[in-house]
2 protein chains.
Amino acid sequence: MRRDIFQGIADPTRRAIIALIAIQAMTPNTIAENFNTTRQAVSKHLRILTECELLKQEQHGREIYYSLEVEKMKEIDKWLEQYRRIWETRFNQLDTLLAKTKSRK
Amino acid sequence: MRRDIFQGIADPTRRAIIALIAIQAMTPNTIAENFNTTRQAVSKHLRILTECELLKQEQHGREIYYSLEVEKMKEIDKWLEQYRRIWETRFNQLDTLLAKTKSRK
DNA sequence: TATATGTGCAACCATTTGGTTTCGCAAACT
DNA sequence: AGTTTGCGAAACCAAATGGTTGCACATATA
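First things first, this report covers the structure right here in the doc. As the structure is a prediction and not an experimental result, all values here were calculated from the model.

What to know about the side chain of Arg15(A)
Logical step 1: If you trace the backbone, Arg15(A) turns up in helix α2 (residues 12–23).
Logical step 2: What Arg15(A) contacts, discounting residues up to four positions off in sequence, is Ile9(A), Ala10(A), Asp4(B), Phe6(B), Trp79(B) and Tyr83(B).

See the structure below:
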């Protein structure tokens, strides 16, 4: 049972949950109201997201508030970094190419 | 059969393939040499990555070179953007908090 | 022309995934 | 105390996933 961020954000419903939660903390019932599935299905997604530490729980009486662990999202950003370097280099290459073409006129 | 970028990068082997390909274009056989699976298994991953447009093919005789479609990677960056705004805001809040604490001394 | 090589595709298999229904349990009302 | 409410856990199920082996088919090479 793999449980990393990439696995976490792979499912569209989970990405929707993340987007929802990002605005403000919510309880499973409130979250489930936004989807066409059962609360239990949403609960499963919440478990997966919590296990890969993208979400954190806060208990208030019998209610559990789920909120986004923004810091964890940075890990995706960190992973992207190496490729960002590539597309920025390519952009620079295009940039110097354009400069050359310009000066040639 | 879902086939989007998030699904594409969900598998660790596929992320490794992306990292490998990012440096230079490669044929399935060469790629497969880097993994403990069969060439066919790698071929399946290549198909998935190509279907979600993260990879592009270039045929040279009987060899097929796979290379990274860097532009497509930007879509993940674009998705991250909304959350980057959140963590930057939180950083700023921390920043102003620190400034306040400082000036109070 | 015969053979070797590089590749994709199909069939098959065990495991995982995403969903459901049913249940148990603690917290909050009446 | 009895009932409602919010939740997670378990059992079950169909579909998807990641792997395998075996095959077909071009393109090189002898």
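Okay, back to it.
Digging into the relation of the copies chain B and chain A
Logical step 1: Superposing chain B onto chain A requires a rotation of 180° together with a translation of 0.0 Å along the rotation axis, leaving an RMSD of 0.0 Å. The operation mapping one copy onto its partner corresponds to a two-fold rotation axis. Residues of chain B ranked by C-alpha distance from the rotation axis are headed by Ala10(B), positioned 2.9 Å from it.
Logical step 2: Comparing interface residues between copies, 100% of those in chain B also sit at the interface in chain A, which points to an isologous, same-surface contact.

Observations concerning the pairing of strand β2 (residues 63–68) of chain B
Residues and elements named next belong to chain B.
Logical step 1: Pairing of strand β1 (residues 55–60) with β2 involves six bridges; the strand directions are antiparallel. Pairing of glutamine 57 across the sheet is with tyrosine 66, part of β2.
Logical step 2: A loop of two residues connects β1 with β2, the two strands running antiparallel in sequence, and glycine 61 in this loop sits at a positive phi of about 65°.

Points about the side chain of Lys72(A)
Logical step 1: Among the secondary structure elements, Lys72(A) is positioned in helix α5 (residues 70–104).
Logical step 2: Residues within four places of Lys72(A) in sequence aside, it is in contact with Ile5(A), Cys52(A), Glu53(A) and Leu54(A).

Considerations on the nonpolar core
Logical step 1: Grouped together as the largest cluster of nonpolar side chains are 53 residues, with contacts concentrated most on Leu54(A), Met73(A), Leu54(B), Met73(B) and Tyr83(B).
Logical step 2: The greatest single-element share of this core, amounting to eight residues, is contributed by helix α5 (residues 70–104) of chain B.
Logical step 3: Mapped onto the domain boundaries, this core takes at least three residues apiece from domain 1 (1–68) and domain 2 (70–105) of chain B.
Logical step 4: Those residues within four positions of Leu54(B) in sequence are excluded, and the remaining contacts are Ile5(B), Ile9(B), Ile18(B), Leu49(B), Ser67(B), Leu68(B), Glu69(B), Lys72(B) and Met73(B).

Parameters at a glance
- Residues numbered from 1 in each chain as written.
- Chains lettered and ligands numbered in written order.
- Predicted model: local features only at pLDDT ≥ 70, side-chain atom pairs only at ≥ 80, totals over all residues.
- Heavy atoms only, no water.
- Helix = DSSP H or I, 4+ residues; strand = E, 2+ residues; numbered from the N terminus.
- Contact = heavy atoms within 4.5 Å.
- Least-squares fit on C-alpha atoms with pLDDT ≥ 70 in both.
- Pairing = 2+ DSSP bridges.
- Core = buried A, V, L, I, M, F, W, Y, C linked by side-chain atoms within 4.5 Å.
- Buried < 20%, exposed > 50% of the residue type's maximum accessible area, 1.4 Å probe, protein only.
- Domains from an automatic or database assignment.

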